[in-house]
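Observations on chain architecture
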Amino acid sequence: MISSNDLSTNVTIEFEGEIYVVLEFQHVLQNKTAFVRVKLKNLRTGATVSRTINNGIKIPKAMIDRLSMTYQYNDGHFYWFMDNDTYDQVPIEKKNLENELPFLVENQEVEVIQYKGETLGVNLPDKVTVTVSKTDPAIKGDTKTNALKDAYLETGFLIKVPMFIEEGERVIVNTNTKEYVSREK
């Protein structure tokens, strides 16, 4: 159990029958009443909710397992991951990976999140390296400015890249902001 006073960012809790991770928290004292405002992300559905919790309330802490796995393939409905230690394969429904799909490539190592044997989703690294599958060629003279152009990644996701990036190049993309970072060296 954890006290509502001890809530902090990235703590996972069982609350109102669901599993949440704390995204934001704020301790408030209003009219001599103390409480905590929290923004929570449901780890099953991905939905975010805001709640007010009285001070000193005990909340069960959710013990989340984080397993190192490799993304193998998808069959259209499920994405299959292999445990790097036991070689067991774990399916995750496509709907549970909507935010990760733009950066998920075969043979990529990810962190699979489980709670009491239930697979909830994956955590990608902050930066991933992916191949540019389609982009327009650079126009002479445009490479010296900060001009950007559209580029499709091997996953089909569209990002903006500098003019000097060409098809077939590997680029590093920030998975949080979904933006180009640099070329692979």
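That block above? That's the structure.
Attention here is on the structure that accompanies the text. (Residues numbered from 1 in each chain as written. Predicted model: local features only at pLDDT ≥ 70, side-chain atom pairs only at ≥ 80, totals over all residues. Heavy atoms only, no water.)

A closer look at the overall build of the protein chain
A tally of regular secondary structure across the protein chain gives 0 helices and 16 strands. Over its C-alpha trace the protein chain gives a radius of gyration of 21 Å, far above what one expects of a compact globule, namely 16 Å for 185 residues. Within the protein chain, contacts between residues at least 6 apart in sequence are counted, and of these 42% link residues at least 24 apart. Within the structure as shown, the protein chain displays about 11100 Å² of accessible surface, and the carbon and sulfur contribution to it stands at 46%. Put simply, the protein chain has 22 plus and 27 minus side-chain charges, and the middle of one group is 8 Å from the middle of the other. (Helix = DSSP H or I, 4+ residues; strand = E, 2+ residues; numbered from the N terminus. Rg over C-alpha atoms; globule rule 2.2 N^0.38 Å. Contact = heavy atoms within 4.5 Å. Areas by Shrake-Rupley, 256 points an atom, 1.4 Å probe, with all protein chains shown as cover. Lys, Arg positive; Asp, Glu negative; His and termini not counted. Charge placed at Lys NZ, Arg CZ, Asp CG, Glu CD.)

Structural notes on the pairing of strand β14 (residues 158–162)
Two strands pair when backbone bridges link them, and strand β13 (residues 148–153) and β14 are joined in this way by 5 bridges, in the antiparallel orientation. Residue pairing for β14: D150 is matched across the bridge by K160. Between β13 and β14, which pair antiparallel and follow one another directly, the connecting turn spans 4 residues, one of which, G156, has a positive phi of 95°. (Pairing = 2+ DSSP bridges.)

Here's the deal with the sheet that holds strand β15 (residues 170–174)
Spatially, the 5 strands line up as an open sheet ordered β14-β13-β12-β15-β16, and their pairing is antiparallel. Each of the sheet's edge strands pairs with one partner strand only, and the pair in question is β14 and β16 (179–183). Between one strand axis and the next, the sheet turns by 55° as a mean value, whatever way the strands run. With 4 bridges connecting them, β15 and β16 associate as antiparallel partners. Bridge pairing in β16 places V171 opposite R183. (Axes fitted to C-alpha atoms, helices over the stretch in contact; angles between N-to-C directions.)

Some details on the sheet that holds strand β5 (residues 48–54)
The 4 strands lie next to each other as β2-β3-β4-β5, forming an open sheet whose pairing is antiparallel. Every interior strand has two partners, whereas the edge strands, β2 (12–15) and β5, have only one. Taken pair by pair, the neighbouring strands of this sheet meet at an average axis angle of 45°, ignoring direction. Both strand β4 (residues 33–42) and β5 contribute to a ladder of 7 bridges, which runs antiparallel. Of the residues in β5, the one forming a bridge with L40 is V49.

Section: the layout of surface pockets
Taken as a whole, the largest pocket holds about 830 Å³ of empty space. Put simply, the parts of the chain that give the lining of the largest pocket at least two residues each are β3 (18–30), β4 and β11 (118–123). Here the lining of the largest pocket takes 4 residues from β11, the largest share from any one element. Looking at the lining of the largest pocket, its residues break down into 11 nonpolar, 11 polar and 8 charged. (1 Å grid on protein atoms, 1.4 Å probe; cavity = no way out; pocket = protein on both sides within 12 Å on 5 of 7 lines; lining within 4 Å. Points joined across faces, edges and corners; volume = space filled by probe spheres on them. Nonpolar A, V, L, I, M, F, W, Y, C, P; charged D, E, K, R; others polar.)

Examining the nonpolar core
One finds F81, L97, L104, L153 and V171 to be the most contacted residues of the largest nonpolar core, which totals 26 residues. Looking at this core, the elements with two or more residues in it are β7 (65–74), β8 (78–83), β9 (89–93), β10 (109–115), β12 (127–135), β13, β14 and β15. In terms of residue count, the dominant contributor to this core is β12 (3 residues). (Core = buried A, V, L, I, M, F, W, Y, C linked by side-chain atoms within 4.5 Å. Buried < 20%, exposed > 50% of the residue type's maximum accessible area, 1.4 Å probe, protein only.)

Comments concerning the packing of aromatic side chains
Counted according to the given criterion, the structure contains 4 aromatic pairs. Ring geometry for Y71 versus F81: centroids 5.5 Å apart, planes at 50°, classification tilted. Of this pair, Y71 sits in strand β7 while F81 sits in strand β8, and the two are 10 residues apart along the sequence. Note on accessibility: Y71 and F81 belong to one class, buried. An aromatic cluster is built from Y71, Y79 and F81, whose rings are joined through pairwise contacts. (Phe/Tyr/Trp six-rings, centres within 6.5 Å; stacked < 30°, edge-to-face > 60°.)

Notes on the side chain of Q114
Position of Q114 relative to the elements: it lies in strand β10. In this structure the side chain of Q114 is engaged in a polar contact, spanning 3.0 Å, whose partner is the side chain of T119. Ignoring sequence-local partners within four residues, the contact set of Q114 consists of M63, I64, D65, L67, V90, T119 and L120. (Polar contact = N/O pair within 3.5 Å; in protein donor to acceptor, adjacent residues only side chain to side chain.)

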